[in-house]
Amino acid sequence: MKRLTGKITLSAMFMALGMVLPFLTGQIQQIGSMLLPMHLPVLLCGLICGWECGAIVGFCLPLLRSVTFGMPVLYPNALAMAFELATYGLVAGLLYGHSRWKCVRALYRSLIVAMLAGRIVWGIAEVVLLGINGNAFTWKMFLSGALLNAIPGIVIQLTLIPAIMVACNKTGFVKFEKSHPTAQNAED
């Protein structure tokens, strides 16, 4: 996936997927928004297309969805999400792209660090954006929004994304370049 045209095409597909997925998860009233449907395509874009595409798709997706469909609300939600999702795509793509081994272990490391970094950036963005209006963003709001309400989405991200990447590896679409030394020893 080194060709620019392929990266742009895949990025557009991930953007379209991010526009549509919230409609599907929104049908589940109690936990639809907790499934974090826009996060999946952004993380995959960063992992497959690289950090540049992941960051661009991550930043543009919530803003485009907000002006197109009115959800998420532009201020402060979509703006804070733009920074959060850009961080997801950037960090996941950077860490995985620079991993010594392209394997499931490197994939999990990249995902977990990206998810932590994105939530921290989201919290900072909320503090700044709500502070402009003179509103406070409390620790309780941060813990609720970044962790407690996000648990179903985090579980889905940590199970579905590696499964998709392994399936892409088996088809040859995305290749795990080298396996981790402990994995090689286990196979021998």
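Residues numbered from 1 in each chain as written. Predicted model: local features only at pLDDT ≥ 70, side-chain atom pairs only at ≥ 80, totals over all residues. Heavy atoms only, no water.

Bringing the layout of surface pockets into the picture now. Of the volumes computed, that of the largest pocket is approximately 820 Å³. Taken together, 31 residues line the largest pocket, and the ones lying closest to its centre are S33, M34, L36, P72 and M81. Listed by contribution, the elements that provide at least two residues to the lining of the largest pocket are α1 (4-25), α3 (51-69), α4 (74-97), α5 (104-132) and α6 (139-148). For the lining of the largest pocket, the element with the most residues is α4, which contributes 4 residues. Grouping the amino acids of the lining of the largest pocket by side-chain chemistry returns 18 nonpolar, 9 polar and 4 charged. (1 Å grid on protein atoms, 1.4 Å probe; cavity = no way out; pocket = protein on both sides within 12 Å on 5 of 7 lines; lining within 4 Å. Points joined across faces, edges and corners; volume = space filled by probe spheres on them. Helix = DSSP H or I, 4+ residues; strand = E, 2+ residues; numbered from the N terminus. Nonpolar A, V, L, I, M, F, W, Y, C, P; charged D, E, K, R; others polar.)

Attention shifts here to unusual backbone geometry. Residue P72 follows M71 across a cis peptide bond; omega there is -5°. Tracing the chain through its elements places P72 in the loop between α3 and α4.

Together, L64, V67, L74, Y75, I120, I124, V128 and I132 line one region of the surface with nonpolar side chains, adding up to about 740 Å² of accessible area. Looking at the nonpolar patch, the element that brings in the most residues is α5, giving 4 residues. Turning to its location among the elements, L64 is positioned in helix α3. Accessibility expressed as a relative area gives 37% for L64, which makes it partly exposed. (Patch = residues over 30% accessible without salt bridge, like charges linked within 9 Å, V, L, I, M, F, W, Y side chains within 5 Å. Areas by Shrake-Rupley, 256 points an atom, 1.4 Å probe, with all protein chains shown as cover. Salt bridge = Lys/Arg side-chain N within 4 Å of Asp/Glu carboxyl O. Buried < 20%, exposed > 50% of the residue type's maximum accessible area, 1.4 Å probe, protein only.)

Our focus in this paragraph is the packing of α1 against α3. Here α1 crosses α3 at 40°, and the two axes come no closer than 10 Å. Relative to α3, the element α1 is oriented oblique. Here α1 runs over α3; the crossing is right-handed. On α3, the residues that touch K7, S11, M15, G18, M19, P22 and F23 of α1 are C53, V57, C60, L61, L64, R65, T68 and F69. Of the residues that constitute the contact of α1 with α3, the class distribution is 10 nonpolar, 3 polar and 2 charged. (Axes fitted to C-alpha atoms, helices over the stretch in contact; angles between N-to-C directions. Parallel < 35°, antiparallel > 145°, perpendicular 65-115°, else oblique. Left-handed = near helix turned anticlockwise from the far one by under 90°. Contact = heavy atoms within 4.5 Å.)

Before going further, it helps to examine the side chain of T87. In this fold, T87 is placed in helix α4. Residue classification places T87 among the buried residues on the basis of a relative accessible area of 12%. Look past the residues within four positions of T87 in its chain and what remains in contact with it is A92, A117, G118 and V121.

Here the focus is α5. With 29 residues, α5 should reach 42 Å at 1.5 Å per residue; the first-to-last C-alpha distance of 42 Å fits that figure. Remark: G134 follows α5 within two positions and exhibits a positive phi of approximately 80°. (Expected span 1.5 Å × (residues − 1).)

Time to look at the packing of aromatic side chains. One pass over the structure, following the stated rule, counts 2 aromatic pairs. Ring centres 4.9 Å apart and planes at 80° place the aromatic pair F23 and F69 in the edge-to-face group. Linking F23 in helix α1 with F69 in helix α3, this pair joins segments that are 46 residues apart in sequence. The class of F69 is partly exposed, set by a relative accessible area of 39%. The ring of F23 has R65 sitting right over it, with the charged end atom 4.7 Å from the ring centre. Directly above the aromatic system of Y96 lies the positively charged group of K102, at a separation of 5.9 Å from the ring centroid. (Phe/Tyr/Trp six-rings, centres within 6.5 Å; stacked < 30°, edge-to-face > 60°. Lys NZ or Arg CZ within 6 Å of the ring centre and 35° of its normal.)

In this structure, L47, I48, I161 and M165 are the most contacted members of the largest nonpolar core, which totals 36 residues. Elements supplying a minimum of two residues to this core: α1, α2 (39-49), α3, α4, α5 and α7 (151-171). Per-element accounting of this core gives the leading share, 8 residues, to α2. L129, L130, F142 and A146 belong to the second-largest nonpolar core, a separate cluster that totals 8 residues. (Core = buried A, V, L, I, M, F, W, Y, C linked by side-chain atoms within 4.5 Å.)

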